[in-house]
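# Secondary and tertiary structure notes
Residue-level listing of the chains:
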Amino acid sequence: MAALILVLNGPNLNLLGTREPEIYGTATLDDIHQMMNKSASALGWQIDFRQSNHEGELVDWIQWGRVHASAIIINAGAYTHTSVAILDALRAFDKAIIEVHLSNLFQRETFRHHSYITPVARGLICGFGARGYALALDALRDIVS
Ligand code: DQA
């Protein structure tokens, strides 16, 4: 069966393309979704791409991923910096987690320098805009069989 990669996007990422484009770029979330679908199918993988503005829904999806997903790529948006609930859900996911951010968190406000997700992620990709999602998928080539 083809590996299923669960790609989770947190609050406000539905506004990509129009939200602070000088920070987040002009690609929309749909552009990113389509780009990932293409790259994943070239690898023989499937993508399940989701976005929510609600913390609990993201937790539910991570729990769903325990059963169905081979890996998680997550951009938790602002919940990255606040959510123990998402951290705990990710802790219960025993396969690879890649953390992605469009912007370089460490060039921004200090409250963005701390991530609850990084300690449970295999790696962190930030600062490369939409391309970060493609880089995350590429990183999984050596991890997901
Ligand atoms: C973000 C960075 C977060 O600090 C911010 O709250 C976001 C987007 C990024 O992709 O750069 O919503 O995760």
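Conventions and cut-offs
- Residues numbered from 1 in each chain as written.
- Predicted model: local features only at pLDDT ≥ 70, side-chain atom pairs only at ≥ 80, totals over all residues.
- Heavy atoms only, no water.
- Near = heavy atom within 4 Å.
- Polar contact = N/O pair within 3.5 Å; in protein donor to acceptor, adjacent residues only side chain to side chain.
- Areas by Shrake-Rupley, 256 points an atom, 1.4 Å probe, with all protein chains shown as cover.
- Nonpolar A, V, L, I, M, F, W, Y, C, P; charged D, E, K, R; others polar.
- Core = buried A, V, L, I, M, F, W, Y, C linked by side-chain atoms within 4.5 Å.
- Buried < 20%, exposed > 50% of the residue type's maximum accessible area, 1.4 Å probe, protein only.
- Contact = heavy atoms within 4.5 Å.

This part covers the site of the ligand. In the neighbourhood of the ligand, the contacting residues comprise Arg-19, Tyr-24, Asn-75, Gly-77, Ala-78, His-81, His-101, Leu-102, Ser-103, Leu-105, Arg-108 and Arg-112. Contacts to the ligand include Asn-75, whose side-chain N or O atom sits 2.8 Å from an oxygen atom. In isolation the ligand has 330 Å² of accessible area, and contact with the protein removes 99% of it. Looking at the shell around the ligand, its residues break down into four nonpolar, five polar and three charged.

This part takes up the nonpolar core. Nonpolar side chains tend toward joint burial in soluble globular proteins. Counting residues in hydrophobic clusters, the biggest one holds 25 residues, and the most contacted among them are Ile-5, Met-36, Ile-73 and Leu-140. Contact partners of Met-36, with chain neighbours within four places excluded, come to Val-7, Ile-47, Phe-49, Ile-73, Tyr-133 and Leu-137. With 20 residues, the next largest nonpolar core counts Ile-62, Ala-89, Phe-93 and Ile-117 among its residues.

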